[in-house]
Amino acid sequence: SQVENILTSNPALVKVLEDQGRHGLETGDHVTFSKVKGLDGMLNDSKTTFEVRVTGPFTFELVGVDSSQCSEPATQGYITQVKTPTTMSFKTYRESLTDHGELMMSDFAKFDRPPLLHLAYRALASYAESNDMEYPTPGDMTAAQAVLDIAKSMASDKILDSNTAADRIILHLASGSRSILSPMCATLGGIVGQEVLKACSGKFTPINGFFYFDADECLPDAPLPASDVSPTGSSRYDSTIAVFGKEAQQKLLDLNYFLIGAGAIGCEMLKNWAMMGVACGEKGKIHITDMDRIEKSNLSRQFLFRNSDINEFKSACGARAAKAMNPDMNITPYQEKVGADTEELFGDDFYDKLNGVCTALDNVEARLYVDQRCLFYQLPMLESGTLGTKGNTQVVIPNVTENYGATRDPPEKSIPVCTLKNFPNQIQHTLQWARDYFEGEFKQSAEDVNSYLSNPDYAESLSGQQSTKAETVMSIRKTLVDERPVSFEDCVVWARLKFEKLFNNQVRQLLFNFPEDQVTSQGTKFWSGSKRCPKPLVFDLSSKCEDANMRNHFDFIVAAANLRAHMFGIKGRTDEEYFVEVLQSVIVPDFTPVDGVKIASSEAEAKEESKAQSTGDMIESEVEAILEGLPKPGELAGFKLNPIEFDKDLDDHMLFVTACSNLRALNYAIPTEDTHRSRAIAGRIIPAIATTTALVTGLICLELYKIVGTSQKELKLDAYKNGFVNLAIPFMTLSEPTAPKTTKATLKGEEWNWTAWDCLAMNVGDITLDEFIQYFEKEYNLDVSMISHGVSILFSFFANKKKLAERRKMKMSEVVTSITKKELPANQLFLTFEIIANDLDTDEEVDIPYVKYRFR
């Protein structure tokens, strides 16, 4: 959090910036302060911790701190929560067996389940001790009954008397006790792995006592007969058969699934599926797609990949690794993005053969697209995601649960343009600015030059870019003429002058426009709250920043000069002696502030400034004059620049971005970050750890068991589970999904409550528009007044009568192609139509779902 102000009061009252969100503290927490401006330096020691007493979501008091004698309040600063160590004590294992105490819950709908499972496992252990450490054979109901009898003899608190599911749970546990199921291993392994890390590191809160987890909704209502679960001794799937039976295992073998994403979750999912036998039968098939290639940073959490796989496609390597685990797996890798532009590949005929879809994606937009496909094709969707120690799972079942897109999180906030350009207050702002600068200086400028040199009609092509034409031609002139280097020394000089422009001159111009003591029209200080007053940097090759302990001045020059050299095909170097020698002879022009320079002080002003720039301050003749003054492409035959695409895994790229960001942070007194932390922020790396990934994929695969199902059990809504976990706290809760929302309609006098899963399916061939309208009159007693397809209106009562008469004779597919001007792909089987219609008897509009029209 950031300080908005700290009042001169007793105790000191802190208010945080509301646009940065709530402080998230609780009374008794401890915090430190840094970069605090005001309070006579009382909070200047960043190592001193203070206890807080929360007074509101954006305010808190500092216990025992009296700031009433300070001459001025604090107006800015940074707050960091300090986690104070706590000492935990635990019972011994022997003590806990007989007195388990409070047991951690995983499903609050089954509040009585943990004590029952504790009793069941004690009974099972007792049975094994009496039988040479052997557990019951699958399907041996005599042995299973013996375990139940032991449990009844141990139950002193009458837990079995009040639990109607107790007998079934214990019998199932006994019958399947020899089995090892990959999803359960992944689920519990993720939890156990995190507990081991807690013991080693002392970080996060360990589970106090026993934790029991079950997914008995997967199991048949009663234990299966021995003939169905007895092990063959030769099948790698004997464990699955022992629990779910041969029929369920065959269904797993014959599954056809589409796995979208081959990252951390995708890798873990493939491993589980290989162990479970998913798509390992003659009828089974897995399709996996991921357009990304393997990067070095992936190796810590995407365990199917090795160093030798770097730069290979994730989907191909993942498929190869899964087949190495189970050679019978039928899997086809793709490197295509799943979206509207790949529907010719992933179209009707593709989805028509699937049993379901599993997403392992890292963005909401792609998930929403896949969600719409699953709605349309009536396919289950298995969705999961992680964020550090946090994870979630969601199971989407046609006509049973709501779809993924039915409830959405609010969109992620973007950083205002004026904040990025002139008023940063967080390291995220300076890193985004540095990344944008990298893209413009080392990629876009080179691409503009290459486009000019390779396109004979370049001037004509600029006519479609009126808003950026002047900026583009000036960039080309600067890169190709004014600042074109011929030696590495020129690149060093260029880098030094860029330092002066970015971190000194621009700041001085900003302070010229908005002096440090400026007051707004409301009488408040301009430089207050989220607006931090900057200070120009004086170049010092030996300077080190306090927070990150980096030589940002030197690093910026080295990284910028070498990137510039690479762009122009010049050999670079990094030896410090050379840079010191060259920099001593660089002449830096004096800076004089310019009157009349407009700088946006708010987002509204930034938008106005952007509009003004889009109209163009430069007249057409000036643009043409610049183009005429450029070297002709023929004079530079063979010359080409190397555009540099930012890659967070390349150290020289990150050195520039980190140094550039830190220098800007130093301008604004923002705490700097080292390269490792900057890489995570600038690369937008979502922290993923193997323990959480294993846990969520295990939970998802348990839901897959339910979807596959058995003929012995029909599952309802409450059998499926969505999961929410945080391994750090630790916390885990499973809850039943939400049922789909219904819309009421009346068709032929009968009430119909339809959901997002419903549609009006038409499989009558490719009929004419006139026959289509008549179909709704006969089948649904509806008078159709409008038909649309996407954004195109195919039929409406107010349209031109002559055109309507022509269309009425055309087949529906022909109407679509004639209006959209697009041919229908050969693999497309369906068209969707939205209809507005009234009941023929009541003349009232009827709210109906979309029409799914099969024309092939």
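K.L.:
It is not clear to me how helix α24 (residues 690-708) should be interpreted in this structure. Could you clarify?
P.N.:
Since one α-helical turn is 3.6 residues long, residues separated by three or four positions face the same way. Between the first and last C-alpha of α24 there are 27 Å, a value that for 19 residues agrees with the 27 Å anticipated at 1.5 Å per step. Burial analysis of α24 places 17 of its 19 residues in the buried class, which makes it a mostly covered element. G709, located one to two residues past α24, shows a positive phi value of around 65°.

K.L.:
Teacher, can you tell me more about a nonpolar patch on the surface here?
P.N.:
A cluster of nonpolar side chains, F108, F724, I729 and F731, forms an exposed patch at the surface whose accessible area comes to about 410 Å². Considering the arrangement of structural elements, one finds F108 in the loop between α1 (93-98) and α2 (113-129). Overall, the relative accessible area of 53% leaves F108 in the exposed class.

K.L.:
Help me understand the side chain of N403, please; the structure alone is not making it clear to me.
P.N.:
Following the sequence through the fold, N403 ends up in the loop between β12 (390-396) and α13 (417-421). N403 gets classed as buried once you look at its relative accessible area, which sits at 8%. Once you skip the residues sitting within four places of it in the chain, N403 turns out to touch D371, Q372, L375, Q394, V396, A756 and W757.

K.L.:
Looking at this model, I keep getting lost on the pattern of salt bridges. Mind explaining?
P.N.:
Working definition: two side chains of opposite charge can pair if their charged atoms are close together. Enumeration according to the criterion identifies 32 salt bridges in this entry. Of the charged contacts, one joins E4 and K15 as a salt bridge, the two residues approaching to 3.5 Å between their closest N and O atoms. Taken together, the residues E4 in strand β1 (residues 3-6) and K15 in strand β2 (residues 13-16) connect sequence positions eleven residues apart. We classify E4 as partly exposed; its relative accessible area is 27%. Note on K15: relative accessible area 22%, which makes it partly exposed.

K.L.:
Help me understand unusual backbone geometry, please; the structure alone is not making it clear to me.
P.N.:
Glycine aside, a negative phi is what most residues show, and trans is what most peptide bonds show. In this structure, the amide linkage connecting N10 to the following residue, P11, adopts the cis form with an omega of 0°. Tracing the sequence through the fold places P11 in the loop between β1 and β2. For N549, which is not glycine, the phi torsion reads 55° and is therefore positive. Its place among the elements puts N549 in the loop between α17 (488-513) and α18 (552-567). Of note in this structure, K748 is not a glycine but carries a positive phi near 55°. With respect to the secondary-structure elements, K748 resides in the loop between β15 (743-747) and β16 (750-754).

Rules and cut-offs
Residues numbered from 1 in each chain as written. Predicted model: local features only at pLDDT ≥ 70, side-chain atom pairs only at ≥ 80, totals over all residues. Heavy atoms only, no water. Helix = DSSP H or I, 4+ residues; strand = E, 2+ residues; numbered from the N terminus. Expected span 1.5 Å × (residues − 1). Buried < 20%, exposed > 50% of the residue type's maximum accessible area, 1.4 Å probe, protein only. Patch = residues over 30% accessible without salt bridge, like charges linked within 9 Å, V, L, I, M, F, W, Y side chains within 5 Å. Areas by Shrake-Rupley, 256 points an atom, 1.4 Å probe, with all protein chains shown as cover. Salt bridge = Lys/Arg side-chain N within 4 Å of Asp/Glu carboxyl O. Contact = heavy atoms within 4.5 Å.

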